[in-house]
Amino acid sequence: WQVRRLSTGERQRLALARLLANRPRALLLDEPTANLDANNAERTARVIADHQAAEGIPILWVSHGSETTGNGAPGTLQLNQGHVEKMELPWS
């Protein structure tokens, strides 16, 4: 398929795959699961988490919603009324 024929979600996942193939030393991700359905958002989050575990690289994941927060990443922070707070994860 030519890239222009891909859906927005497919383009988004392709961009992530291309990024990870370059083995970056750190990731800055701006809403990497935005515009994805729940199943693909979960799969994408798992790919990112697996990559982080395998490579041990720092990841800054920016999200404006709570649909992907608490994905199990150590050091998860949230901005709450202008203050940075460590998230309390249910399994912590």
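Refer to the structure presented above.
Read on for an overview of the structure. (Residues numbered from 1 in each chain as written. Predicted model: local features only at pLDDT ≥ 70, side-chain atom pairs only at ≥ 80, totals over all residues. Heavy atoms only, no water.)

What the protein chain contains, in helices and strands, is 2 helices and 4 strands. Listed by position from the N terminus, the elements making up the protein chain come as α-β-α-β-β-β. A total of 92 residues make up the protein chain; the buried ones form 24% of that total. Within the protein chain, contacts between residues separated by at least 24 positions form 43% of all contacts whose residues are at least 6 apart in sequence. Within the structure as shown, the protein chain displays about 7000 Å² of accessible surface, and the carbon and sulfur contribution to it stands at 50%. (Helix = DSSP H or I, 4+ residues; strand = E, 2+ residues; numbered from the N terminus. Buried < 20%, exposed > 50% of the residue type's maximum accessible area, 1.4 Å probe, protein only. Contact = heavy atoms within 4.5 Å. Areas by Shrake-Rupley, 256 points an atom, 1.4 Å probe, with all protein chains shown as cover.)

In strand S1 (residues 27–30), alternate side chains face the same way, and those of Leu27 and Leu29 are buried while those of Leu28 and Asp30 on the opposite face are not. In the sheet, S1 pairs with strand S2 (residues 59–62) via 4 bridges, with the strands oriented parallel. Following the sheet pairing, Leu29 is matched in S2 by Trp61. In this fold, the crossover linking S1 to S2 by way of helix H2 (residues 38–55) has right-handed handedness. (Pairing = 2+ DSSP bridges. Right-handed = clockwise from strand over helix to strand, strands pointing away.)

Tallied over the entire structure, the rule returns 2 salt bridges. Between Arg23 and Glu55 there is a salt bridge whose closest N-O contact spans 2.8 Å. Of the two residues, Arg23 is situated in the loop between helix H1 (8–21) and S1 and Glu55 in helix H2; the sequence distance between them amounts to 32 residues. The closest approach of N and O atoms between Asp50 and Arg46, which form a salt bridge, is 3.1 Å. In this pair, Asp50 and Arg46 both sit in helix H2, 4 residues apart, roughly one turn of the helix. A relative accessible area of 42% places Arg46 in the partly exposed class. (Salt bridge = Lys/Arg side-chain N within 4 Å of Asp/Glu carboxyl O.)

As a further point, take H1. Between its first and last C-alpha, H1 extends 20 Å over 14 residues, near the 20 Å set by a 1.5 Å rise per residue. For H1, the full list of buried residues reads Gly9, Leu16 and Leu20. Take H1 and look down its axis: the buried residues cluster within an arc of 35°, on one side only. In H1, the exposed positions that point more than 90 degrees away from the buried face belong to Thr8, Arg18 and Ala21. Downstream of H1 by one or two residues, Arg23 has phi in the positive range, about 50°. (Expected span 1.5 Å × (residues − 1). Arc of directions from axis to C-beta.)

With respect to the helices and strands, His51 occurs in helix H2. Of the residues examined, His51 reaches a relative accessible area of 12% and is grouped as buried. The contact partners of His51, leaving out residues within four places of it in the chain, are Leu20, Pro24, Leu27, Gly56 and Ile57.

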